[in-house]
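Spelled out, the chains give:
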Amino acid sequence: MGLEARATLRRPFAIGRRGFVVLAIVLSAVAALVVLDAPFRALLPQRGGFAIVRAFFAAMFHPAIGYETAVPAGTPSLLAEALAAARRTVVFAAAAMSLAIVAGFVLGFFASTAWWRDPAVGGAGARRRGRRALAGTVWAATRVLIVGMRSVHELLWAVIFLAAFGLNTASAVLAIAIPYAGTLAKVFSEMIDEAPRDSAIAMQAAGAGAAQAFCFGLLPRALPDMCAYSFYRFECAVRSSAVLGFFGFPTLGYSISAAFENLHYSEVWTYLDVLAVLVVAIEIWSGSLRRRFVA
Amino acid sequence: MSCAEPDGRTTPVFELDRTSVLYDGHAALADAHLRVERGEAVALVGPSGAGKTTLLRLLCAAVTPTSGRVLVAGQDLEALSQRKLQGLRARIGFVHQDLALVPNLRVSQNVIAGSLGSLGFLRSVRAMLLPSSRELDRASGILERVGIGEKLFQRTDSLSGGQRQRVAIARALYQEPWAILADEPVSSVDPARARDTVALLRDLCAERGLTLIVSLHDLQLAREILPRLVGLRGGRIVFDRSTQAVSEQDFRELYRLEGRGPDGA
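Residues numbered from 1 in each chain as written. Chains lettered and ligands numbered in written order. Predicted model: local features only at pLDDT ≥ 70, side-chain atom pairs only at ≥ 80, totals over all residues.

*Asks:* Could you give an account of the overall build of chain A, with specific residues and numbers?
*Replies:* Across its full length, chain A holds 12 helices and zero strands. Counting helices and strands in the order they occur from the N terminus, chain A gives α-α-α-α-α-α-α-α-α-α-α-α. Excluding contacts between residues fewer than 6 apart, the proportion of contacts in chain A whose partners are at least 24 apart in sequence is 69%. (Helix = DSSP H or I, 4+ residues; strand = E, 2+ residues; numbered from the N terminus. Contact = placed C-beta atoms within 7 Å.)

Below, the structure is given as structure tokens:
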């Protein structure tokens, strides 16, 4: 009865709250295109551009096996070079991730509310007033630090480190490690906070201390998800590492940009194919590990 | 069993003295008196919401009373320091209704986790990650006794509900407790297994001289296995006698359906 009464009260063509949201999104999309002066027009290639596009995509079907032009004697073959670049790409990503996981783990621990706030689980800061104030400060400071690390993209970090330290391995690794550590810390802290707390509470009821309950009751519950997410981030780090090559670091991106500048499109496709195979291989590998951890 | 054991002759192991627990003004437990002597085996019976869990949680200091006192081994829990309280808790095994095991750890780790309360942090890390053969032997012996010795190194979540229950019991025993509190330990298994589990708890405690307090929804089971029954209803202890002395009238009273407004609470 109440439903019928309400139905008759509704005006025809009335826009509900959801309708307003959809309308607002559509309007802001239109407004953005207008403000940007219809950017799609620029996507229509000029005459020369068409030729480049055609040449580039035509090369897709015959990636180069050897170099397209003569190279100095002693240069490793194209395939060897591509594989070496792929290896360097993975090594950069692995170095960055091993820093990021350690930092993310430590920061994630300090950023979790379970540890600082919940007396039933960690509760390091919950019992005594002096500690509570300190706990709040550490927690907030960690959160701010994490946001700072995350909000600057790895490419921007790379620009900063290039300017500061020049083109060396450490600046590439740090450029990836810092934002990744921030992201891992944020996600780790959320996973810790969402983990079921019953075993940690039971351990404290059996006399365990806060740190013990946290490490053996709470952390193991979050660990499978944390591992799975770290594998996923490793995949992302491989792509980031490849892209950093465009700044001159010796990863796949460097080879791609060099070949592209020489208009050696078949070589570009060779490198792209190697990158694709690499990403798929890591995906398969990490997927199988993820299943083992989460199942 | 090297811990400071309570002098069982004179002081009861557990004592509630006019103890009440209020949650949002509603009495989960009202004005309760209870004395449990060392080595006794007691069942708390009554409908759900009667205050059985609250009573058990009071005894291991997981809940603080709103009024009245809780004495464990003659010591008023309120007067104890945090450290003393932790030491006390380390020697009271609690089998939780939902078991509260860590599903993705090995059975051995869940059992050895029973010793966390009596180890420092670094020693507990060692015990959990690299258990000594002595620790493994002890865990294995206890698992053997509860009937799942062969599961020592399996992942806990690969076990059946009944087997997990035994892991929870083994963890409590690994604490070297002088008392075991069990909160509806059989809520998740079929009746035949439930009988076995409660009988196992009683036998384990009897052979080790431990005090056992177990809350049971299943009255029949409690009557069959435990020698003393404490009936709770609406947060009040309505009877407390040896099982033979509990009359059918008592049981009817305990499970009488509500329907005539608040019953004196």
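*Asks:* Lay out unusual backbone geometry in plain terms, naming residues and giving numbers.
*Replies:* Residues and elements named next belong to chain A. Positive phi is not limited to glycine here, since Leu263 has a value of about 60 degrees. Locating Leu263 in the fold gives a position in the loop between helix H11 (252–261) and helix H12 (265–294). Residue classification places Leu263 among the partly exposed residues on the basis of 14 C-beta atoms within 10 Å. (Buried ≥ 20, exposed ≤ 12 C-beta atoms within 10 Å, placed from the backbone.)

*Asks:* Give me the interface of chain B and chain A: which residues, what numbers.
*Replies:* Listed as interface residues are 23 residues of chain B and, on the opposing side, 17 residues of chain A. Looking at the side of chain B that touches chain A, the elements with two or more residues in it are helix H2 (82–90) and helix H4 (121–129) of chain B. With four residues, H2 of chain B is the single largest residue contributor to the side of chain B that touches chain A. Across the side of chain B that touches chain A, the residue classes break down as 12 nonpolar, nine polar and two charged. (Nonpolar A, V, L, I, M, F, W, Y, C, P; charged D, E, K, R; others polar.)

*Asks:* Can you break down the packing of helix H4 (residues 78–111) of chain A against helix H8 (residues 169–194) of chain A residue by residue, with the values?
*Replies:* Viewed as axis vectors pointing N to C, H4 of chain A and H8 of chain A meet at an angle of 35 degrees, and their least axial separation amounts to 6 Å. Classified by chirality, the crossing of H8 of chain A by H4 of chain A is right-handed. (Axes fitted to C-alpha atoms, helices over the stretch in contact; angles between N-to-C directions. Left-handed = near helix turned anticlockwise from the far one by under 90°.)

*Asks:* Residue-level account of the pairing of strand S9 (residues 228–233) of chain B, with values.
*Replies:* Residues and elements named next belong to chain B. With five of six residues buried, S9 is to be regarded as a mostly interior element. Pairing analysis gives four bridges linking strand S3 (residues 41–45) to S9, with the strands arranged parallel. The partner of Val42 across the bridge, within S9, is Arg228. Sheet topology note: the S9/strand S10 (residues 236–242) ladder contains six bridges and is antiparallel. Opposite Val230, over in S10, you have Asp240 as the bridge partner. (Pairing = 2+ DSSP bridges.)

*Asks:* Could you give me a rundown of the environment of Gln220 of chain B, with the residues and numbers involved?
*Replies:* All names here are of chain B. Assignment of secondary structure puts Gln220 in helix H8 (residues 219–225). Residue Gln220 is classed as exposed on the basis of its 12 C-beta neighbours within 10 Å. Residues Gln220 and Val21 lie 199 residues apart in sequence; the distance between their C-alpha atoms is 28 Å.

*Asks:* Describe the sheet that holds strand S2 (residues 26–36) of chain B, with residues and values.
*Replies:* Sheet strands associate in pairs through backbone hydrogen bonding, adopting either a parallel or an antiparallel arrangement. All names here are of chain B. What the four strands build is an open sheet, ordered S2-S1-S4-S5; its pairing is antiparallel. Across the chains shown, the open sheet's two edge strands, defined by having one partner strand only, are S2 and strand S5 (75–76). Examined bridge by bridge, strand S1 (residues 14–23) and strand S4 (residues 67–72) share five bridges and lie antiparallel to one another. Across the sheet, Asp17 pairs through a bridge with Arg69, a residue of S4.

*Asks:* With reference to specific residues and values, describe the sheet that holds strand S7 (residues 179–183) of chain B.
*Replies:* All names here are of chain B. Reading across from one edge, S6-S7-S8-S3-S9-S10 is the order of the six strands in this open sheet, with mixed pairing throughout. Strands at the two margins of the open sheet, each flanked by one partner only, are strand S6 (92–95) and S10. The mean angle between the axes of side-by-side strands here comes to 15 degrees, regardless of whether they run parallel or antiparallel. Packing of helix H6 (residues 161–174) onto the sheet brings it into contact with S6 and S7, and relative to S6 it is tilted by some 170 degrees.

*Asks:* Please give an account of the packing of helix H7 (residues 154–165) of chain A against H8 of chain A that cites residues and values.
*Replies:* Residues and elements named next belong to chain A. Interaxial distance between H7 and H8 falls to 8 Å at its minimum, and their mutual angle equals 145 degrees. Our pair here, H7 against H8, has a crossing hand that is right-handed. Of H8, the residues touching H7 (which contributes Glu154, Trp157, Ala158, Phe161, Leu162 and Phe165) are Ala170, Ser171, Ala172, Leu174, Ala175, Ile176, Ile178 and Pro179. When the residues that make up the contact of H7 with H8 are grouped by side-chain class, the tally is 12 nonpolar, one polar and one charged.

*Asks:* Give me the lowdown on the pairing of S6 of chain B, citing residues and values where you can.
*Replies:* Residues and elements named next belong to chain B. A two-sided burial pattern is seen for S6, the buried positions comprising Ile92 and Phe94 on one face and Gly93 and Val95 on the other. Where S6 lies against S7, four bridges are found, and the strand directions are parallel. Bridging from a neighbouring strand, Gly93 pairs with Ile180 of S7.

*Asks:* Quick rundown of the environment of Arg106 of chain B? Include the residues and the values.
*Replies:* Residues and elements named next belong to chain B. When you line up the elements, Arg106 lands in the loop between S6 and helix H3 (107–112). Sequence separation of Arg106 and Phe94 is 12 residues, and the distance between their C-alpha atoms is 20 Å. When neighbours within four sequence positions are excluded, Arg106 is seen to be in contact with Phe153, Gln154, Arg155 and Thr156.

*Asks:* Go over helix H9 (residues 198–205) of chain A with me, naming the residues and quoting the values.
*Replies:* Of all the eight residues making up H9 of chain A, seven are buried; the element is thus mostly covered by neighbouring parts of the structure. Those residues of H9 of chain A that are buried lie in contact with helix H10 (210–244) of chain A together with H2 and S6 of chain B. Of the residues one or two after H9 of chain A, Gly207 of chain A is the one with positive phi, at around 95 degrees.

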